[in-house]
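A structural walkthrough
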Amino acid sequence: MNAIAKPAMTRDDFEQALRDKGTLYHIHHPYHRAMYGGQCTPEQIRGWVANRYYYQVNIPRKDAAIMANCPDANVRRQWLQRVLDHDGHENDQGGIEAWLQLAEAVGLSREEVIDQRHVLPGVRFAVDAYLNFARRATWQEAACSSLTELFAPEIHQSRLDSWPEHYPWIEGNGYTYFRKRLSEARRDVQHGLTITLDHFTTYAEQQRALDILQFKLDILWSMLDALTMAYVHQTPPYHTVTDAQVWHRGLGL
Ligand SMILES: O=C(O)c1cc(C(=O)O)c2c(n1)C(=O)C(=O)c1cc(C(=O)O)[nH]c1-2
């Protein structure tokens, strides 16, 4: 006997269920709370910036993977803007360059950020999981996984509001990235949300969308867990056997 299918949520209720996932956003992670609470050491801020660089350089690759899987030229045309936002174009240096400015403003050299020597394995695996999901999932599912951006303007604003006061040693020109993302994230999320609300319409599909969003929240949370081990508890990988950063720097996949 077939079970009776549960009724789908209304569009508004589904959107609200997605937004309710914000209670699990990494803004609530102790590492992030310490960052905007002013309790981080320069080393902890630098560790976060150097590791997050790996997220930054993989976001446009993730977006290009979504475009590669999408047969709809109208969606691709709009999605392309995300790649340009990070990689830059004529009138915009791009987000990756702005992130490198942030790195310099917190006292890191470009070289040590670009060569990824500080990127912890746990951070790498989390970011790689996001990129690989986008490669293999349908473009609508991958678009849905970007919806943590619903909660991103608040997190960028929290840094702009608190960092200059708590960390006067950070040079002011480092904040361009966060400012830039305030408007970009708001625009992107409208598009990603429309795709998700249009595509996931049955109860089971809506639950799947919520699972996908949880997967992405897990990625962001796990990155900060790895940073906590290394920079708060001073227990980076292999600390029981060596102080050297012996972990791999990516296999170029
Ligand atoms: O600083 C942050 O906490 C944060 C979080 C997220 C996010 O929620 O995935 C993004 C960003 N920043 C960001 O700057 C960004 O460009 C971005 C793109 C995406 C995405 O999934 O496509 N997320 C995020």
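Residues numbered from 1 in each chain as written. Predicted model: local features only at pLDDT ≥ 70, side-chain atom pairs only at ≥ 80, totals over all residues. Heavy atoms only, no water.

**Notes on the site of the ligand**
Residues in contact with the ligand amount to 18 residues; listed here are only the nearest, Tyr25, Tyr55, Lys62, Tyr130 and Tyr177. At 2.6 Å, a side-chain N or O of lysine 62 approaches an oxygen atom of the ligand. For the ligand, an oxygen atom lies 2.8 Å from a polar atom in the side chain of lysine 216. If the ligand stood free it would expose 470 Å²; the protein chains cover 99% of that surface. Taken together, the elements giving at least two residues each to the shell around the ligand come down to α3 (42–68), α9 (152–166), α10 (176–199) and α11 (203–232). The element that contributes the greatest number of residues to the shell around the ligand is α3, accounting for four residues. Residues belonging to the shell around the ligand are distributed by class as follows: seven nonpolar, five polar and six charged. (Near = heavy atom within 4 Å. Polar contact = N/O pair within 3.5 Å; in protein donor to acceptor, adjacent residues only side chain to side chain. Areas by Shrake-Rupley, 256 points an atom, 1.4 Å probe, with all protein chains shown as cover. Helix = DSSP H or I, 4+ residues; strand = E, 2+ residues; numbered from the N terminus. Nonpolar A, V, L, I, M, F, W, Y, C, P; charged D, E, K, R; others polar.)

**As for the state of the cysteines**
In the structure shown here, the tally under the stated rule is zero disulfides. No disulfide involves cysteine 70; its sulfur sits 15 Å from that of cysteine 144, the nearest cysteine. (Disulfide = S-S within 2.5 Å.)

**Some remarks on a nonpolar patch on the surface**
Residues Tyr238, Val241 and Val246 make up a contiguous nonpolar surface patch of about 330 Å² in total accessible area. As for its placement among the helices and strands, valine 241 is situated in the segment after α11. (Patch = residues over 30% accessible without salt bridge, like charges linked within 9 Å, V, L, I, M, F, W, Y side chains within 5 Å. Salt bridge = Lys/Arg side-chain N within 4 Å of Asp/Glu carboxyl O.)

**Description of the environment of arginine 186**
With respect to the helices, strands and loops of the structure, arginine 186 is situated in helix α10. Note on arginine 186: relative accessible area 48%, which makes it partly exposed. In this structure the C-alpha to C-alpha distance between arginine 186 and leucine 150, which are 36 residues apart in sequence, comes to 7.3 Å. (Buried < 20%, exposed > 50% of the residue type's maximum accessible area, 1.4 Å probe, protein only.)

**Topic: the UniProt feature "domain: Thiaminase-2/PQQC" (unreviewed entry) in the protein chain**
The positions UniProt marks with the feature "domain: Thiaminase-2/PQQC" (unreviewed entry) are residues 27–225. Across residues 27–225, the secondary structure splits into 76% helix and 0% strand, with the terminal C-alpha atoms separated by 13 Å. (UniProt positions renumbered as here; feature names shortened; annotations may be inferred.)

**Quick notes on the packing of helix α2 (residues 30–37) against α9**
One way to put it is that α2 packs onto α9 with a least axis distance of 7 Å and a crossing angle of 50°. Considering their axes alone, α2 and α9 lie oblique with respect to each other. Across from His32, Met35, Tyr36 and Gly37 in α2, the residues of α9 making contact are Ile155, Ser158, Arg159, Ser162, Trp163 and His166. Split by residue class, the contact of α2 with α9 holds four nonpolar, five polar and one charged. (Axes fitted to C-alpha atoms, helices over the stretch in contact; angles between N-to-C directions. Parallel < 35°, antiparallel > 145°, perpendicular 65-115°, else oblique. Contact = heavy atoms within 4.5 Å.)

**Considerations on unusual backbone geometry**
At glutamine 116, a position not held by glycine, the phi torsion is positive, near 60°. When you line up the elements, glutamine 116 lands in the loop between α6 (110–114) and α7 (121–136). Within the chain, glutamine 234 stands out as a residue other than glycine whose phi angle is a positive 55°.

**A short note on the pattern of salt bridges**
Tallied over the full model, the rule gives 15 salt bridges. Between aspartate 63 and lysine 62 there is a salt bridge, with its nearest N and O atoms 2.7 Å apart. Per residue, the accessibility class of aspartate 63 equals that of lysine 62, and both read buried. Among the ionic pairs, aspartate 188 bridges to arginine 181, the shortest N-O distance being 3.4 Å. Relative accessible area serves as the criterion here: at 5%, aspartate 188 is assigned to the buried category. Residue class for arginine 181 comes out buried when judged on its relative accessible area of 4%. By sharing partners, the salt bridges in this structure join Arg82, Asp85, Asp92, Glu149, Lys180, Arg181, Glu184, Arg187 and Asp188 into a single network.

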